[in-house]
Structure formats: C-alpha cells, structure tokens
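Tertiary structure, described
In case you want the letters, here they are:
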Amino acid sequence: NACREHICLNLYLACQNTYKNWKETLELSKTSNVIGDVASAVKKDKIDKSLFDLVNQFQSQAHNLLMFPLPYNENEIFEKFSGLIQQPGWLIDERETKIEGREEQLKTLREFCLPKVVLQLEEVLSYSKNYSAIVEIADWITDEQWKIYKSFNQE
C-alpha cells in the first residue's frame, strides 16, 4: 500500500505542477513586454511551443493518474511493483488495514483530487481544441474498471 500511495500521490503532484506551469505560461502569453514585430513573433512562438509541450505533458500525466495503474508495458516503473499493484484505481487500498477511518480518508482524497484533475484536463484540452479527447474523458469517468465516477459527488 505504501508504494502504491507514493506513486499515486506523486502522479497527482506532477499533474498539479504541470497545470500550474501551463496556467503561468498562458498568463505570460497574454502580457507582452517585447518591443518590435520580430521580437514579438519570436516570443509568441516560444510561448506557443511551451504551451503545446505543457498540454501534452499534462494530458499524459492526467491519463496516467486517471487510468492507474497503466498496463505494465506502457510504464516501466510499474514493472517493479507488478506483484504489488493489481487492483485498478487511483489511491485504492488493495490490502486490508487495521487503521480506523483509513478507507474514509482515501475516499475523501479521491473525491478531492480526481474531479479536480478531470476538470483541469478538460480545461487544458479545450484550450488546445482537442475536443475528441474531451469526449473520451466521459468514457474514462464512466468505465466500470476505473470507477472514477464514484469520486464525483452529486452536487
């Protein structure tokens, strides 16, 4: 459980850092302190490339988080833990623990983190006009293998 939690939380933190970098770069693209057409074009190209790279990075990280664990051939880190991680789902206890309230704590974390990442992913994909990927998110959320829908409350 400790290895699984470590990997899950690192995936979440990586998503949040990439999303923060994407938002900062997006804000930077809206403010221009460069004088001249050529300098402005060079700066815009550099920012556009950074935004494109961050969109791809965030999309990959969010996919890894939402579809945890990925098939072992897609991510070599999971090969090391292949005997330990068998049940799909982000931050799911595979072994019973005697810690009172642990399941409720994990459920609360999932209810906070997963919807947040899904909404951020939708925002990033919408910005990049990747509408087909946005539609695929609905498949992830409703998939019975991953049960992401359980992390969303009715409100």
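Details of the nonpolar core
With 28 residues, the main nonpolar core has Trp22, Phe58, Leu65, Leu66 and Leu121 as its most contacted residues. Counting residues per element, this core draws most heavily on helix α2 (residues 37-66), which supplies 8 residues.

Details of the confidence of the model for the protein
Scored by pLDDT, the protein has a mean of 76; 72% of the residues are at 70 or more. Mean pLDDT across the elements of the protein ranges from a minimum in helix α3 (residues 76-80), with 50, to a maximum in helix α4 (residues 102-127), with 86. Taken as a whole, residues 81-86 scores under 50 in pLDDT and shows 16 contacts with residues more than four places along the chain or in a different chain.

Concerning the environment of Leu121
Within the fold, Leu121 resides in helix α4. Separated by 61 residues in sequence, Leu121 and Ser60 have C-alpha atoms that sit 9.9 Å apart.

Observations regarding the packing of aromatic side chains
What the rule picks out here adds up to 3 aromatic pairs. A centroid spacing of 5.8 Å and a plane angle of 50 degrees characterise the contact between Tyr19 and Phe58, whose relative ring orientation is tilted. With Tyr19 in helix α1 (residues 2-30) and Phe58 in helix α2, this pair connects stretches of sequence that are 39 residues apart. In terms of burial, Tyr19 and Phe58 fall into one category: buried. Look at Trp22 and Tyr127: their rings are 5.5 Å apart centre to centre, the planes differ by 75 degrees, and that puts the pair in the edge-to-face class. With a gap of 105 residues between them, Trp22 in helix α1 and Tyr127 in helix α4 connect regions that are remote in the sequence.

Comments concerning the packing of α4 against helix α5 (residues 131-142)
The relative placement of two packed helices comes down to the angle between their axes together with the axis-to-axis distance. Remark: α4 packs on α5, axes separated minimally by 8 Å, with the N-to-C direction vectors making an angle of 160 degrees. Of the possible angle classes, the one that applies to α4 and α5 is roughly antiparallel. Helix-helix and strand crossings are classified by hand; for α4 and α5 the assignment is right-handed. Each of Val118, Leu121, Glu122, Leu125 and Ser126 in α4 lies in contact with α5, whose residues at this interface are Tyr131, Ala133, Ile134, Ile137, Trp140 and Ile141. Residues belonging to the contact of α4 with α5 are distributed by class as follows: 9 nonpolar, 1 polar and 1 charged.

What counts, and where the lines are drawn
- Residues numbered from 1 in each chain as written.
- Predicted model: local features only at pLDDT ≥ 70, side-chain atom pairs only at ≥ 80, totals over all residues.
- Heavy atoms only, no water.
- Core = buried A, V, L, I, M, F, W, Y, C linked by side-chain atoms within 4.5 Å.
- Buried < 20%, exposed > 50% of the residue type's maximum accessible area, 1.4 Å probe, protein only.
- Helix = DSSP H or I, 4+ residues; strand = E, 2+ residues; numbered from the N terminus.
- pLDDT = per-residue confidence, 0-100.
- Contact = heavy atoms within 4.5 Å.
- Phe/Tyr/Trp six-rings, centres within 6.5 Å; stacked < 30°, edge-to-face > 60°.
- Axes fitted to C-alpha atoms, helices over the stretch in contact; angles between N-to-C directions.
- Parallel < 35°, antiparallel > 145°, perpendicular 65-115°, else oblique.
- Left-handed = near helix turned anticlockwise from the far one by under 90°.
- Nonpolar A, V, L, I, M, F, W, Y, C, P; charged D, E, K, R; others polar.

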